Amino acid sequence: MRALIDQLQAKGKIYKRLEEIQPKELKIRNKIRIFSATDMNGYYTTIFMVSQKSRLLMKDVLKFEEIYQKLVTYSGHNYKYKILTIDAPLCSKAKKAFGEAKWKII
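The notes below deal with the structure included here.

Conventions adopted
Residues numbered from 1 in each chain as written. Predicted model: local features only at pLDDT ≥ 70, side-chain atom pairs only at ≥ 80, totals over all residues. Heavy atoms only, no water. Pairing = 2+ DSSP bridges. Helix = DSSP H or I, 4+ residues; strand = E, 2+ residues; numbered from the N terminus. Axes fitted to C-alpha atoms, helices over the stretch in contact; angles between N-to-C directions. Contact = heavy atoms within 4.5 Å. Core = buried A, V, L, I, M, F, W, Y, C linked by side-chain atoms within 4.5 Å. Buried < 20%, exposed > 50% of the residue type's maximum accessible area, 1.4 Å probe, protein only.

It is worth spelling out the sheet that holds strand E2 (residues 33-39) at this point. In space, the five strands of this open sheet follow the order E1-E2-E3-E4-E5, with mixed pairing throughout. Looking along the sheet, the strands with just one partner apiece sit at the ends: strand E1 (15-21) and strand E5 (103-105). Neighbour to neighbour, the strand axes of the sheet diverge by 25° on average, direction disregarded. Here E1 pairs with E2 via six bridges, running antiparallel. Looking at E2, one finds that Ile21 is bridged to Ile34.

Tracing the chain through its elements places Thr85 in strand E4 (residues 81-86). Aside from chain neighbours lying at most four places away, what touches Thr85 is Leu4, Gln7, Ile47, Phe48, Met49, Val50 and Ile106.

One finds Ile34, Phe48, Phe64 and Leu84 to be the most contacted residues of the largest nonpolar core, which totals 24 residues. Breaking this core down by element, the ones donating at least two residues are strand E3 (44-50), helix H2 (58-75), E4 and helix H3 (92-100). Ranked by residue count, the leading element in this core is H2, at six residues. Residues in contact with Leu84, not counting those within four places in the same chain, are Phe48, Val50, Leu56, Phe64, Phe98, Trp103, Lys104, Ile105 and Ile106.

Set out below in structure tokens:
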């Protein structure tokens, strides 16, 4: 988690509360780390941390949107910001789709 905090601080994002939500709580089986954060202004941010070797494709955009909807239902509120941290290469169409869905990619 310290690596994530350092990475976000390098981008100028500072949070007063950061908690991890286990995928089992959302009833998903994906290898993903999900964080719910509150920034200094009180806005909620969700952070998806994905580590995989294969390229992220359009089907992954739909999968992450589905996980996001489950997270909104689970937490009971919408998130103002959605951040995706990935290690894998990103397909150009998927990058465009993430941009249209208002995801910030790190």
